[in-house]
Every structure is written in structure tokens, then in C-alpha cells.
Amino acid sequence: MSDGTSGQYRAGETALLAVVKEAEPLVGRWRRRFDSAASAGVPAHVTVLVPFLDIDRVDAAVTDDLRALIGEHGPFTVRFDECRRFPDVLYLAPTPDQPFRALTQAVAARWPEAPPYGGQFTDIIPHLTVAHGQQAHVYDEVEAVLTTRLPLTAHVASISLFASDGDRWHQCAEFPLIG
């Protein structure tokens, strides 16, 4: 999700996301205020792979491969017990994070031309972004409120393919975790 600002996404960019519907009541209002991806149509999620292939490369064969590859992984339950931070991001940390890591590794191994986050990071840390690009006192305020409402438990049963039209993100497909 290119640079994180609505209207700045690259048309045709895609992402594979584990949508976490259970998190919306907890983080939705914060994400709408402090995470531009939310206003661009991206629901609360943990990223599996971004950027994935350009949408014009996602044909029936790629879709079939995604369905098979993702389907090899089973559904799982995850807890978000705490907030953590990257230098410019406040996020909820999933436990366990290994199922997300395994999905990322599997997709990236199948499509090495689409490394996670464009190859920017050597260690991929699964996370659910709540806010980014804010001053520390904003993160402190949001974290103080969220901490009183954690833990959050969610069931991850599918991975969704989202595509950007340059302004908004739209869900294109959903692949069940079957195991």
C-alpha cells in the first residue's frame, strides 16, 4: 500500500490481507482518524503480502494457485493482547504470529518477484495497524484507551485479495484457509 496516503495508491497494486472483522469495533474509529488506509477502503487487517502482483497479472491461473496455496493452511484463532510500535506506527500485535508468517513465506516463495513490502524489511512482523504518521502523544492516547479493552480474539478463516484503483482499495477475491 504504497505510501499510506489516500489518493496516492498506485492503480493496479494488489495486497493479500487477513481481514480481522472482530477488530473493527475496537480500532475502527482510531483507524478512520489516524490510518489513511481505512479511509481508502481497507478494513482492519494483518497483511500477508503487499505489494502482490499487479492486478493485470492476476488471471485465472494465479487465482487458482492462490486458492490452492492458501487452502493448504488451516484456519486459526489469534489474540491481540497488546499495542506495540514501529517508529511511525501504532499497532496491535497478534499472538501467535506464526500462521501469518507462514502464509507470507508461502506466497513470497511462490511469487519471488513480489517480496513482502517490496523487499524493504528483512524481518516481517505481522501487525494490525491502528495509527501511523502521528506524533508520540497521539499514540500514547490511543494506546491508553485500547489497552483497557484488550485482549481481542479473532478467527482467521480466509485471506482476501484487494486491489487499488489509485484512490480506493476493493476486495477482489477471498481464499479460504482449509488446511
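Please refer to the structure placed before this passage.
So, here is what we can say about the structure in this document. Just so it is clear, the model here is predicted, and its values are computed rather than measured.

**Considerations on the pattern of salt bridges**
- Within this structure, the stated rule accounts for 11 salt bridges.
- Its salt-bridge partner being Arg84, residue Glu82 comes within 2.6 Å of it at the nearest N-O pair.
- By relative accessible area, which is 39% here, Arg84 ends up partly exposed.
- When the shortest N-O distance is used, the salt bridge between Arg85 and Asp140 registers 2.7 Å. Of this pair, Arg85 sits in strand S3 (residues 76-86) while Asp140 sits in helix H5 (residues 136-147); the two residues are 55 residues apart in sequence, bridging distant segments of the chain.
- For Arg85, a relative accessible area of 34% gives the class partly exposed.
- What emerges from the salt-bridge pattern is a single network uniting Glu24, Arg31 and Asp35.

**Some details on the nonpolar core**
- Within the largest apolar cluster, 47 residues are counted, with the highest numbers of intra-cluster contacts made by Phe52, Leu92 and Leu128.
- Counting nine residues, the second largest nonpolar core, distinct from the first, contains Ala15, Ala37, Val50 and Trp169.

**Here's the deal with the pairing of strand S5 (residues 128-132)**
- Most of S5 sits out of view: four of its five residues are buried.
- Where strand S4 (residues 89-95) and S5 come together, four bridges link them in antiparallel fashion. Each residue of the ladder has a partner; that of Val89, found in S5, is His132.

**Description of the pairing of strand S6 (residues 152-156)**
- Covered by surrounding structure in S6 are Leu152, Ala154 and Val156 only, the residues Thr153 and His155 on the alternate face being uncovered.
- Pairing of S3 with S6 involves five bridges; the strand directions are antiparallel. Bridge pairing links Val78 to Ala154 in S6.

**As for the environment of Phe86**
- Tracing the sequence through the fold places Phe86 in strand S3.
- Dropping the residues within four chain positions of it, Phe86 is found in contact with Tyr91, Ile125 and His127.

**Notes on H5**
- In this model, H5 (12 residues) spans 16 Å end to end at C-alpha, consistent with the 16 Å of a helix rising 1.5 Å per residue.
- When H5 is considered as a whole, its buried residues turn out to be Val138, Tyr139, Val142 and Leu146. Projected onto a plane normal to the axis of H5, the buried residues spread over an arc of 95° and lie on a single side.
- Residues of H5 that are buried sit in contact with helix H1 (24-34), S3, S4 and S5.

**Let's talk about the packing of H1 against H5**
- The N-to-C vectors of H1 and H5 enclose an angle of 170°; their axes lie 11 Å apart at closest approach. One way to sum up the angle between H1 and H5 is to call them roughly antiparallel. When H1 is examined against H5, the residues Leu26, Val27, Arg29, Trp30 and Phe34 are found in contact with a partner set consisting of Val138, Glu141, Val142, Val145 and Leu146.
- Among the residues making up the contact of H1 with H5, the classes are represented as eight nonpolar, no polar and two charged.

**Re the packing of aromatic side chains**
- Counted by the stated rule, this structure contains six aromatic pairs.
- Between Trp30 and Phe34, the ring centres sit 6.3 Å apart and the planes meet at 15°, which makes this aromatic pair stacked. Placement of the pair is Trp30 and Phe34 together in helix H1, with a separation of four residues, close to one helical turn.
- With a relative accessible area of 11%, Phe34 lands in the buried category.
- We note Arg110 situated over the ring of Trp111; from NZ or CZ to the ring centre the distance is 4.4 Å.

About the criteria used
Residues numbered from 1 in each chain as written. Predicted model: local features only at pLDDT ≥ 70, side-chain atom pairs only at ≥ 80, totals over all residues. Heavy atoms only, no water. Salt bridge = Lys/Arg side-chain N within 4 Å of Asp/Glu carboxyl O. Buried < 20%, exposed > 50% of the residue type's maximum accessible area, 1.4 Å probe, protein only. Helix = DSSP H or I, 4+ residues; strand = E, 2+ residues; numbered from the N terminus. Core = buried A, V, L, I, M, F, W, Y, C linked by side-chain atoms within 4.5 Å. Pairing = 2+ DSSP bridges. Contact = heavy atoms within 4.5 Å. Expected span 1.5 Å × (residues − 1). Arc of directions from axis to C-beta. Axes fitted to C-alpha atoms, helices over the stretch in contact; angles between N-to-C directions. Parallel < 35°, antiparallel > 145°, perpendicular 65-115°, else oblique. Nonpolar A, V, L, I, M, F, W, Y, C, P; charged D, E, K, R; others polar. Phe/Tyr/Trp six-rings, centres within 6.5 Å; stacked < 30°, edge-to-face > 60°. Lys NZ or Arg CZ within 6 Å of the ring centre and 35° of its normal.

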